[in-house]
Structures are given as C-alpha cells and as structure tokens.
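Summary of structural features
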Amino acid sequence: RAGSPPQALVDDTEDVSLDFGSEEELALRKAKIRHPLATFFHLFFRVSAIITYLFCDWFSNSFVACFVTILLLLSFDFWSVKNVTGRLLVGLRWWNQIDEDGKSHWVFEARRVPTRAASTEAEARIFWLGLIICPVIWTVFFFSTLFSLKLKWLALVIAGISLQTANLYGYIHCKLGGQKSISRATSSFFVTADAPNRQTGRLSEDHTEEHGKTSTR
C-alpha cells in the first residue's frame with residue numbers, strides 16, 4: 001500500500017548452539033572397545049589361572065609345575081590389573097607409598113575430568129565383571145578344596161583369593177573415594193558461592209545496628 005509505513009521483517013529463527021564436543025564424547029563412550037589389548041589382558045591372566053587350576057592334572061602330573069604356573073599367572077594378573085588395566089579401562093589407580101617418617105600410606109585416585117582417552121561403557125562393564133566374578137570363583141575353590149581335603153592346594157587358593165581381593169578392595173575404594181571427593185567439591189563450591197551473600201547480610205545487619213544506635217542517640 002502506498003501510504004503505509006514499511007513493516008519490519010520478523011525473524012522467527014533462533015540461534016541454536018550445537019555442542020559437537022559433548023556429542024562426540026557421548027559417541028566415544030558408547031563405542032564398543034577402545035583399548036582392546038588392555039581389555040584382553042584384564043581377563044587373560046585371571047581366566048588362564050582358573051582354567052589351569054581346573055585342568056592342570058590333564059597336562060602335567062607335577063604338582064610343583066602346576067603350582068608355579070598358576071602362581072605366576074595370578075601375579076601377572078595382579079600387576080597388570082593394578083598398574084595398567086584399571087587406569088585405562090575405568091580411570092582408577094591405587095598404590096602404597098612410604099613417607100619420610102617411614103609411615104605407610106594407601107593412595108586411591110579416580111579420574112575426575114573425562115578425556116578423549118576415557119574408557120567406554122563396555123570396557124567398564126568388562127572390568128568390573130572380571131574384577132568381581134573371579135574372586136568369587138576362587139572362594140568357591142577354597143571351600144571345595146577344604147571339603148575334599150586337598151590341602152596341598154589350599155595355599156595356592158588362598159593366594160588367589162588374596163591377590164584378587166586386594167585389587168577388588170583397592171578399586172572399590174577408588175570408586176567410592178572419587179564420589180566422596182566430588183561431593184565434597186560440590187559442597188565446598190556452594191559454600192564458597194554462598195559466602196558473598198552471607199557477608200552482604202552481615203554488612204546490612206551491621207549497618208542497621210549502627211543506624212539504630214545513631215537514631216537512639
């Protein structure tokens with residue numbers, strides 16, 4: 001229309017921020033296996049120790065050879081799970097250190113910030129299943145050895161329970177300790193954020209008291 005003022009064009013579009021980083025991290029988390037070698041050795045030594053314990057009589061009549069082989073597999077499993085697979089598959093680590101005074105301290109660490117090298121859900125599931133199920137199997141071996149009076153295997157079974165339960169205890173402590181540290185950090189954040197408000201409230205209360213004293217005078 002000739003005399004009508006020009007109408008402004010209304011843009012109904014909205015700016016949408018696309019967070020490609022979070023989507024990429026989610027896709028990586030849902031990937032199947034990102035550390036195949038670590039996942040393989042996480043199960044290889046402990047499963048091999050159990051299979052060798054069950055069927056060693058089929059391959060060798062020497063008790064000493066079977067005992068040493070199983071003990072070596074358990075030792076390799078303890079070292080690899082404690083130092084390698086726990087750090088790669090679930091981002092947890094634990095160790096013991098001695099300070100200058102000669103006191104022993106247990107240190108439990110958990111990865112707090114996700115990185116591109118973080119583990120996937122499948123790897124974490126494999127890690128925890130292997131970590132929990134195998135000590136249960138060795139506990140069953142303990143009772144079967146005790147009831148069948150095969151006492152010569154008792155020391156080996158106790159060693160298997162001790163080594164694998166130590167890793168289980170350490171990583172559960174890491175997991176729970178990491179959650180507690182996160183909750184402590186969250187609570188300290190809210191306390192810090194609330195500090196200016198409390199300080200402002202105190203200043204206003206002080207100002208009110210001073211004003212009341214002045215008016216009284």
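Since the structure is predicted, the reported quantities are computational estimates derived from the model, not experimental observations.

**So, the packing of helix H2 (residues 36-59) against helix H3 (residues 63-89)**
Following both chains from N to C, one finds H2 and H3 inclined at 160 degrees, their axes separated by 8 Å at the closest point. In this view, H2 runs roughly antiparallel relative to H3, as classed from their interaxial angle. Of the two elements, H2 crosses H3, and the hand of that crossing is left-handed. For the pair H2 and H3, contact is made by Ala 38, Thr 39, Phe 41, His 42, Phe 45, Arg 46, Ser 48, Ala 49, Thr 52, Tyr 53 and Cys 56 and by Cys 66, Thr 69, Ile 70, Leu 73, Leu 74, Phe 76, Asp 77, Ser 80, Val 81, Thr 85, Leu 88 and Leu 89, respectively. When grouped by side-chain class, the residues that make up the contact of H2 with H3 number 14 nonpolar, seven polar and two charged.

**Some thoughts on the UniProt feature "transmembrane region" (unreviewed entry) in the protein chain**
In the numbering adopted here, UniProt assigns the feature "transmembrane region" (unreviewed entry) to residues 37-55, 61-79, 126-147 and 153-172. For residues 126-147, the helix share is 100%, the strand share is 0%, and the end-to-end C-alpha distance is 32 Å.

**Thoughts on a nonpolar patch on the surface**
Taken together, the side chains of Leu 43, Val 47, Ile 51, Leu 54, Phe 55, Trp 58 and Phe 59 present a nonpolar region at the surface, about 750 Å² in accessible area. Positionally, Ile 51 belongs in helix H2.

**Quick word on the pairing of strand S1 (residues 92-98)**
Across a regular strand the side chains alternate sides, sitting on one face of the sheet and then on the other. Summarising the sheet, S1 and strand S2 (residues 104-110) pair through seven bridges and their orientation is antiparallel. Bridge assignment links Trp 94 to a residue of S2, and that residue is Phe 108.

**Notes on the nonpolar core**
Core analysis: the biggest nonpolar cluster contains 15 residues, and Tyr 53, Ile 70, Trp 138 and Trp 153 have the highest contact counts within it. Listing elements by their share of this core, those giving two or more residues are H2, H3, helix H4 (121-147) and helix H5 (154-216). If you tally residues by element for this core, the top one is H2, at five residues. Ignoring sequence-local partners within four residues, the contact set of Tyr 53 consists of Ile 70, Trp 138, Phe 141, Thr 145, Trp 153, Leu 156 and Val 157. Grouped together as the second largest cluster of nonpolar side chains are 13 residues, Leu 92, Ala 124, Phe 127 and Tyr 171 included.

**Overview of the packing of aromatic side chains**
Under the definition given, this model contains 18 aromatic pairs. Where Phe 45 meets Phe 76, the ring centres are 5.7 Å apart and the plane angle is 55 degrees; that geometry is what we call tilted. Remark: Phe 76 occurs in helix H3 and Phe 45 occurs in helix H2; sequence separation between them is 31 residues. Phe 45 gets classed as buried once you look at its relative accessible area, which sits at 14%. Across from the ring centre of Trp 94, 5.1 Å away, lies the NZ or CZ of Lys 82, which sits over that ring.

**Digging into H4**
Between its terminal C-alpha atoms H4 stretches 40 Å, which fits the 39 Å expected from 27 residues at 1.5 Å a residue. Of the positions making up H4, those classed as buried are Glu 123, Ala 124, Phe 127, Trp 128, Gly 130, Leu 131, Cys 134, Pro 135, Trp 138, Phe 141 and Thr 145. Of the residues one or two after H4, Leu 149 is the one with positive phi, at around 60 degrees.

**Structural notes on the packing of H3 against H4**
Look at H3 against H4: their axes get within 12 Å of each other, and the N-to-C directions meet at 150 degrees. Comparing their axes, H4 and H3 come out roughly antiparallel. Crossing geometry of H3 relative to H4 is assigned as left-handed. For the pair H3 and H4, contact is made by Ile 70, Leu 74, Val 81, Thr 85, Gly 86 and Leu 89 and by Glu 123, Ala 124, Phe 127, Leu 131 and Trp 138, respectively. Across the contact of H3 with H4, the residue classes break down as eight nonpolar, two polar and one charged.

**Points about the state of the cysteines**
Enumeration according to the criterion identifies zero disulfides in this entry. Take Cys 66: it sits in no disulfide, and the sulfur closest to it among the cysteines is that of Cys 56, at 3.5 Å.

**What about the pattern of salt bridges?**
One pass over the full model with this rule turns up two salt bridges. Where Arg 46 meets Asp 77, a salt bridge forms, and the shortest distance between an N and an O atom there is 2.9 Å. You can see Arg 46 sitting in helix H2 and its partner Asp 77 sitting in helix H3, a full 31 residues away along the chain. Here Asp 77 falls in the buried class, since its relative accessible area comes to 1%. Among the salt bridges present, the one from Arg 93 reaches Glu 109, with a minimum N-O distance of 2.7 Å. Taken together, the positions of Arg 93 in strand S1 and Glu 109 in strand S2 put the pair 16 residues apart, joining distant regions of the chain. The exposure class assigned to Glu 109 is partly exposed, which follows from its relative accessible area of 33%.

Conventions used here
- Each residue is numbered by its place in its chain's sequence as written, counting from 1.
- At least 70 in pLDDT is required for a residue's local features to be given in this predicted model, at least 80 for side-chain atom pairs to be given and counted, and no such filter applies to totals for whole chains, interfaces and linings, which use all residues.
- The basis for every side-chain value is the complete set of heavy atoms in the structure, and neither hydrogens nor water enter the calculation.
- The axes used here are C-alpha line fits, helices contributing only the stretch in contact, and every angle between their N-to-C directions lies in the interval 0 to 180 degrees.
- Counting from the N terminus, the helices are the DSSP runs of H or I reaching at least four residues and the strands are the DSSP runs of E reaching at least two.
- Geometric relationships in this document are graded by angle, where less than 35 degrees denotes roughly parallel, more than 145 denotes roughly antiparallel, 65 to 115 denotes roughly perpendicular, and other angles denote oblique.
- Left-handed is the label given to a crossing in which the near helix is rotated counterclockwise from the far helix by less than a right angle, and right-handed is the label when the rotation is clockwise.
- We call two residues in contact whenever any of their non-hydrogen atoms come within 4.5 Å of each other.
- Residue classes follow a fixed rule: Ala, Val, Leu, Ile, Met, Phe, Trp, Tyr, Cys and Pro count as nonpolar, while Asp, Glu, Lys and Arg count as charged, and any other residue, Gly among them, counts as polar.
- UniProt positions are given in the numbering used here, feature names are shortened, and annotations may be inferred rather than shown by experiment.
- Only residues whose relative accessible area exceeds 30% and that form no salt bridge enter a patch; like-charged residues are grouped when within 9 Å of one another, and nonpolar side chains (Val, Leu, Ile, Met, Phe, Trp, Tyr) when within 5 Å.
- Accessible surface area values rest on a Shrake-Rupley calculation with a 1.4 Å probe, where residue burial reflects the displayed protein chains alone.
- Just to be clear on terms, a salt bridge is a Lys or Arg side-chain nitrogen sitting within 4 Å of an Asp or Glu carboxyl oxygen.
- We call two strands paired when DSSP finds no fewer than two bridges between them.
- As used here, the term nonpolar core means buried Ala, Val, Leu, Ile, Met, Phe, Trp, Tyr and Cys residues forming a set that is joined through side-chain atoms within 4.5 Å.
- Summary of the burial criterion: residues with accessible area below 20% of their type's maximum are buried, those above 50% are exposed, and those between are partly exposed, where the area comes from a 1.4 Å probe applied to protein chains only.
- Two aromatic rings, drawn from Phe, Tyr or Trp (for Trp, its six-membered ring), form a pair once their centres lie within 6.5 Å of each other, and the interplanar angle then sorts them: stacked below 30 degrees, edge-to-face above 60, tilted otherwise.
- Put simply, a charge is over a ring when the Lys NZ or the Arg CZ is close to the ring centre, within 6 Å, and near the line of the ring normal, within 35 degrees.
- Under the convention used throughout, the expected extent of a helix is 1.5 Å for every residue step, that is, one less than its residue count.
- A pair of sulfur atoms, both from cysteines and within 2.5 Å, is called a disulfide here.

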